[in-house]
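Structural description and commentary
Chain by chain, the residues:
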Number of protein chains: 2
Amino acid sequence: MKRPFTIETASASIQSSIRNAVISFDEMTVSVIKVTFENNGHQVNGYGFCSNGRYAQEGIIKNRFMPRLHKVSPDSLLDDNGVIDPLKCWSVFMQNEKPGGHGDRAVAAGALDMALWDVYAKAYQKPLWKILSEQFNDNQVDEQIFVYPGGGYYYPGKGYEGLKDEFKKYQEQGYKVMKMKVGGDSIEEDLRRIDAALSVVGFGKNLCVDANARFDLKEALAFAEAIHPYDLMWYEEPLDPDDFLSHAILAESYVPSLATGENLFSKHGLQNLLRHGGLRPDRDWIQLDPALSYGLTHYLQIIEMIESFGWSRRRLIPHGGHQLALNIAAGLQTGGSESYPGVFQPFGGFADGYEIVEGRVKPQQEPGLGIEQKGDLYRRLKEIFD
Amino acid sequence: MKRPFTIETASASIQSSIRNAVISFDEMTVSVIKVTFENNGHQVNGYGFCSNGRYAQEGIIKNRFMPRLHKVSPDSLLDDNGVIDPLKCWSVFMQNEKPGGHGDRAVAAGALDMALWDVYAKAYQKPLWKILSEQFNDNQVDEQIFVYPGGGYYYPGKGYEGLKDEFKKYQEQGYKVMKMKVGGDSIEEDLRRIDAALSVVGFGKNLCVDANARFDLKEALAFAEAIHPYDLMWYEEPLDPDDFLSHAILAESYVPSLATGENLFSKHGLQNLLRHGGLRPDRDWIQLDPALSYGLTHYLQIIEMIESFGWSRRRLIPHGGHQLALNIAAGLQTGGSESYPGVFQPFGGFADGYEIVEGRVKPQQEPGLGIEQKGDLYRRLKEIFD
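Conventions we followed
- Residues numbered from 1 in each chain as written.
- Chains lettered and ligands numbered in written order.
- Predicted model: local features only at pLDDT ≥ 70, side-chain atom pairs only at ≥ 80, totals over all residues.
- Pairing = 2+ DSSP bridges.
- Helix = DSSP H or I, 4+ residues; strand = E, 2+ residues; numbered from the N terminus.
- Contact = placed C-beta atoms within 7 Å.
- Axes fitted to C-alpha atoms, helices over the stretch in contact; angles between N-to-C directions.
- Nonpolar A, V, L, I, M, F, W, Y, C, P; charged D, E, K, R; others polar.
- Parallel < 35°, antiparallel > 145°, perpendicular 65-115°, else oblique.
- Left-handed = near helix turned anticlockwise from the far one by under 90°.
- Expected span 1.5 Å × (residues − 1).
- Buried ≥ 20, exposed ≤ 12 C-beta atoms within 10 Å, placed from the backbone.
- pLDDT = per-residue confidence, 0-100.
- Least-squares fit on C-alpha atoms with pLDDT ≥ 70 in both.
- Domains from an automatic or database assignment.
- Core = buried A, V, L, I, M, F, W, Y, C linked by C-beta atoms within 7 Å.
- Arc of directions from axis to C-beta.

1. What to know about the sheet that holds strand 7 (residues 234-236) of chain A
Residue and element names in this part refer to chain A. Taken together, five strands build an open sheet; the order of strands is 5-6-7-8-9 and the sheet is parallel. The strands lining the two open edges of the sheet, one partner per strand, are strand 5 (178-181) and strand 9 (285-286). As judged from the three bridges shared by strand 6 (residues 207-210) and strand 7, these two strands associate in the parallel manner. Each bridged residue has a counterpart across the sheet, and for Asp-210 the counterpart in strand 7 is Glu-236. Sheet strands touched by helix 6 (residues 187-201): strand 5 and strand 6. Its angle to strand 6, the strand with the most contacts, is close to 155 degrees.

Next comes the structure, spelled out in structure tokens:
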């Protein structure tokens, strides 16, 4: 049987001068993927990329995942209708991978899995969220998805006015809740930045702060005490993502919401967070990013796991600000999605023409993920692959 | 300042027909590294490679680590004597890496860090274990290091006689304690294989079994019950490495020793195992592999961490069967080292001519790691790089 699909991958730069409390993004890259599938004599293209923050993963994709997909009988990768099946592909490309070590491999899998779901939904001529709703969520859908811009980065010369201008722009775009970076300066300086942000967004429940795992426990507790009176929407990644006990200690004294998970990468990491991290199902947020964590295929297990612990899937708001998270939020009814209207272009952000009203957005009506509807991203992908 | 060092890297195959309970090794690769350092007009070569099981990591080494070392002022990578300093290099090549996600990145760092320590010790014309002893261990040294062959793999047509012959060969080589794979067949079949092995090694304390994280909790408990009467040296990786709670439950009922850690990759993983895994400092074994876990530089922190939990460093017996683990065992006085006399050639195993007496071995007297003293490995490295 002739192989009915091809896979191409490349690295793309998303470098910028922004920094969070731990890293600068001046050398940041992502892997991009194009899967072409021959669907009844009709060519369907699917695109994927890994979320920002963990670099391109071409080596793992080219040297481990792609050869495994090329080695098996193509038949074994198709569903009953002869369409390339992301679930079957995932099982094959992850063969001979040892347990544990969920990091770069999870990122590589996230990019490849995204492209496979894009192709799959397009072959069925449906938006991905609709496929997800039909196959995994009893046809339930969210028509309005909570989104918030992950912004407020540090960059040279930005100042309070720069931060306020950035947040005003988000408001003009229709956002209500927004997020800023903290931990990259002294507590006093960060509090002044928070005051500046609050002067735009109005009150604490419209503002999240993100320390990007910068603090040790003592620092995290001190920062928590300082921001406690603001009653913020959430206090994100205060600690090393794998230091579950320190999260539990922090949750004992910090009453408002905590958020973490973008650097956990698997259901195994989530399981430990839920078992040992002391987070509270009535208020805290879990942010594993499907595009960094073995893809949507694995995210189905993430949802299963959080519910098996008695948590609502509404507590899941993925990191990453991409169309995949948006489709998951709509079709699987999680809590919403991060958004990158200003950063990590052209990979950050949603499709063009999305109208954000009161911090909520409707999913796209076009088949697949909606990558073609994001002009700058689609042009960049065409430049890379065509 | 002219850069006084060069770094080269390549992938090498160590494919073989062996399999453990979870993966086959028919597509296994490792990354190899050569660092050349100009030491007072004298060229010193250092070699490193990542341990088996997690594949080559050229992408991470070439695209992230090497550019960072090439970007900084060479001066900032040298110690007070002008010798390239592995600790300084580590801090630089890990810049702009986010917290969490300890997997392939840790493997890539392990290979590069190994080559840097090899070069460093050679520049000072001392065996690496001697450097470690002097700088980090108050000049204390172990002259006799406990080693055991990690063998007993499944392969087609091997049978009980094949297993017995393999173990007899290890005995002839001087080994006392040896390890076999389990979990790749039914419990009944594995018990018969264990009986066959015991008929050679004599009694339980000379035999370890390794399930390579194949079991869920129920299966791990059932297997534990079946092997309990044998009172084996240890029962290794019964469970998913990140499932700490299940380890604690297993340790409640299984009285003999447990061992795990080769798939944890960082002090963060170890911290969780010690906090939440219920392992017992008087009998259990921790097997993080320095060549898979951010290198010797990070392993210094692993030792610090295990001692901060009140454990003895003697409970550390690294996975990997390489000269790095042997040098660490000698110079930092950990519990010993795995050995690969029969598998993963030419990367597995120690230097030629090592005499193993009663399952113990003396460290090499030559400068560096002792890679030049392992003929087949050195020839392979020369083929790759020269």
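More follows now that the structure is in view.
2. Quick word on the interface of chain B and chain A
In this assembly, 38 residues from chain B lie in contact with 38 residues from chain A. Within the residue set of the side of chain B that touches chain A, elements represented by two or more residues are helix 1 (58-71), helix 3 (104-123), helix 8 (244-253) and helix 9 (267-276) of chain B. Taken together, the residues of the side of chain B that touches chain A break down into twelve nonpolar, 15 polar and eleven charged.

3. Remarks on the packing of helix 7 (residues 217-227) of chain B against helix 8 of chain B
Residue and element names in this part refer to chain B. Viewed as axis vectors pointing N to C, helix 7 and helix 8 meet at an angle of 20 degrees, and their least axial separation amounts to 10 Å. It follows from the interaxial angle that helix 7 and helix 8 lie roughly parallel. For the pair helix 7 and helix 8, the sense of crossing is right-handed. Here helix 7 contributes Leu-217, Ala-220, Leu-221 and Ala-224 to the contact with helix 8, which in turn contributes Ser-246, Ile-249, Leu-250 and Ser-253. Broken down by class, the residue content of the contact of helix 7 with helix 8 amounts to six nonpolar, two polar and no charged.

4. Things to note about helix 3 (residues 104-123) of chain A
Residue and element names in this part refer to chain A. Taking 1.5 Å of rise per residue, 20 residues should cover 28 Å, and helix 3 covers 29 Å from first to last C-alpha, within 8% of that figure. Counting buried residues in helix 3 gives 20 out of 20 residues, a clear majority hidden from the surface. Looking one or two residues past helix 3, Gln-125 carries a phi angle of roughly 55 degrees, positive in sign.

5. Details of the confidence of the model for chain A
In this model, chain A carries a mean pLDDT of 96, and residues with pLDDT of at least 70 account for 100%. Across the interfaces of the predicted complex, the ipTM metric reaches 0.95, alongside a pTM of 0.96.

6. Remarks on the relation of the copies chain B and chain A
For the pair chain B and chain A, the superposition axis carries a translation of 0.0 Å, the fit reaches an RMSD of 0.0 Å, and the rotation angle comes to 180 degrees. These values place the two chain copies in the arrangement generated by a two-fold rotation axis. Take the interface residues of chain B: 100% of them recur as interface residues in chain A, which is what a same-surface contact looks like.

7. Examining the environment of Asp-216 of chain B
Within the secondary structure, Asp-216 of chain B sits in the loop between strand 6 (207-210) and helix 7. C-alpha of Asp-216 of chain B to C-alpha of Leu-239 of chain B: the two residues are 23 residues apart in sequence and 6.0 Å apart in space.

8. Describing the domain arrangement of chain A
Residues and elements named next belong to chain A. What the domain assignment reports for chain A is domain 1 (5-126) and domain 2 (135-371). A C-alpha centroid distance of 24 Å is found between domain 1 and domain 2. With 34 residues of domain 1 at the contact, the number on the domain 2 side is 37 residues. The greatest single-element share of the side of domain 1 that touches domain 2, amounting to eleven residues, is contributed by helix 3.

9. A closer look at the nonpolar core
Residues and elements named next belong to chain B. With 113 residues, the main nonpolar core has Ala-111, Leu-112 and Val-209 as its most contacted residues. Ranked by residue count, the leading element in this core is helix 3, at 14 residues. Split by domain, the residues of this core number at least three in each of domain 1 (5-125) and domain 2 (135-371). For Leu-112, the residues in contact, after removing those within four places along its chain, are Ile-33, Gly-48, Ile-61, Phe-65 and Phe-93.

10. Considerations on helix 7 of chain B
Residue and element names in this part refer to chain B. For helix 7, the full list of buried residues reads Ala-220, Phe-223, Ala-224 and Ile-227. Across the axial projection of helix 7, the buried residues extend over an arc of 105 degrees, all falling on one side. In helix 7, the exposed positions angled more than 90 degrees off the buried face are occupied by Lys-218, Ala-222 and Glu-225.

11. Some points on the sheet that holds strand 1 (residues 5-13) of chain A
Residue and element names in this part refer to chain A. If you trace the three strands from one edge of the open sheet to the other, you get 1-2-3, paired in antiparallel fashion. The sheet terminates laterally at strand 1 and strand 3 (42-49), the two strands that pair on one side only. For this sheet, the mean angle separating the axes of adjacent strands, direction not counted, is 20 degrees. Both strand 1 and strand 2 (residues 29-39) contribute to a ladder of nine bridges, which runs antiparallel. Considered in strand 2, the bridge of Ile-7 is made with Val-35. Helix-sheet contacts for helix 3 involve strand 2 and strand 3, and the interaxial angle to strand 3 is about 150 degrees.

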